[in-house]
Amino acid sequence: MKKNRTKIVAHRGASYLAKRDNTIEAFQLAIDLKADMVEFDVRCTSDRKLVVFHDSTFADQPIAYQTFAELSGHAAEAGFQVPTFEDVVKLCHGKIFMDIEIKTPGYEKELIHILHKYCNYDEYSVKSFEDPAVYHIKQIDPNIRTGLLLGKDRRDVGYILWRFKEIFPTRRLRQANCDFVSPFHFYATRFFIYRMHRKHYPVQVWTVNKEKLAKRMLKYGVDMLITDKPDMGMAVRHRYYHGKQRTVNA
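Criteria and cut-off values
- Residues numbered from 1 in each chain as written.
- Predicted model: local features only at pLDDT ≥ 70, side-chain atom pairs only at ≥ 80, totals over all residues.
- Heavy atoms only, no water.
- Phe/Tyr/Trp six-rings, centres within 6.5 Å; stacked < 30°, edge-to-face > 60°.
- Buried < 20%, exposed > 50% of the residue type's maximum accessible area, 1.4 Å probe, protein only.
- Lys NZ or Arg CZ within 6 Å of the ring centre and 35° of its normal.
- Axes fitted to C-alpha atoms, helices over the stretch in contact; angles between N-to-C directions.
- Helix = DSSP H or I, 4+ residues; strand = E, 2+ residues; numbered from the N terminus.
- Parallel < 35°, antiparallel > 145°, perpendicular 65-115°, else oblique.
- Left-handed = near helix turned anticlockwise from the far one by under 90°.
- Contact = heavy atoms within 4.5 Å.
- Arc of directions from axis to C-beta.
- Core = buried A, V, L, I, M, F, W, Y, C linked by side-chain atoms within 4.5 Å.

Under the definition given, this model contains nine aromatic pairs. With a centroid separation of 6.1 Å and an interplanar angle of 65°, the aromatic rings of Phe186 and Tyr187 are classed as edge-to-face. Among the residues examined, Phe186 registers a relative accessible area of 63% and is labelled exposed. Overall, the relative accessible area of 10% leaves Tyr187 in the buried class. A cation sits over an aromatic face here: Arg20 above Phe80, 3.7 Å from the ring centre. Above the face of the Tyr16 ring, Lys229 is positioned so that its terminal group lies 4.4 Å from the ring centre.

Our focus in this paragraph is the packing of helix α3 (residues 85–92) against helix α4 (residues 108–118). Taken N-terminus to C-terminus, the directions of α3 and α4 make an angle of 25°; their axes are 10 Å apart at the nearest point. Taken together, the axis directions place α3 and α4 in an arrangement best described as roughly parallel. In the crossing of α3 with α4, the sense of the turn from one axis to the other is right-handed. Every residue of α4 that contacts α3 at Phe85, Glu86, Val89 and Lys90 is listed here: Leu111, Ile114, Leu115, Lys117 and Tyr118.

Below, the discussion takes up α4. Among all positions in α4, only Glu108, Leu111, Ile112, Ile114 and Leu115 are buried. The buried residues of α4 occupy an angular sector of 160° when the element is viewed end-on, so they sit on one face. Seen from the open side of α4, the exposed residues pointing more than 90 degrees away from its buried face are Lys109, His113 and Lys117. On the buried face of α4, the contacting elements are β2 (37–44), β3 (50–52), α3, β6 (97–102), β7 (124–128) and α5 (131–140).

Here we come to the nonpolar core. Ranked by internal contacts, the top residues of the largest apolar core, which has 31 residues, are Phe40, Phe85, Ile100 and Leu111. Of all the secondary-structure elements, those providing two or more residues to this core are α1 (24–33), β2, β3, α3, β6, α4, β7 and α5. A total of five residues in this core trace back to one element, the largest contributor, which is α3. Excluding its chain neighbours within four sequence positions, the residues that come into contact with Phe40 are Asn22, Phe27, Val52, Phe85, Val88, Met98, Asp99, Ile100 and Glu101. Counting 27 residues, the second largest nonpolar core, distinct from the first, contains Ile193, Met196, Val205 and Leu225.

Laid out in structure tokens, this is it:
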């Protein structure tokens, strides 16, 4: 069977090129560049509005404690607009595949409701660092493609065991009923990728912003490559596969 080419995923939109990541501007840039996928983060405000925002706090207050109006006001003062999850889905629907990260458990039903309203199953995937969130998504709708993120920073007493479970995540992947695995590039060794592929888990690596590292990930056979610079990622991929094709035809 011929292996598909590595997909280039625009991290929080074309974040390197936009004024700010996780904005409509960043996502439109990713669409215009014709990236294969766009990645973004979803959080929930205190009034149960799903928003696309990475950090857990803004304006010295947790996102979960702010209403959408309060968050929007703080963002306006900073010169940008926080998009709702629904607005981003409507923008991307039919234009680019959505790689959706749930930042914390607790709003899976609302997220799925919006996805069902606008999208087919082949237009998106949902992932998280939090195993319960991924598991809950599959409980609600087994047809949704889900993934487990690996590489979250942690410095408590369980650090060593946690890292072991990230380097050898198969049990967690099975328990959460995941379809793919998304490790930080530090974990994405040739052996790790080989092990995951042997167990039929596609590998989505984050976040790759240097050409040399991108080429190495392509060589290792990653299935998806997340980058702040999708234009760079696509250029490196083009050179890599074009060079391989010329070698085959020589």
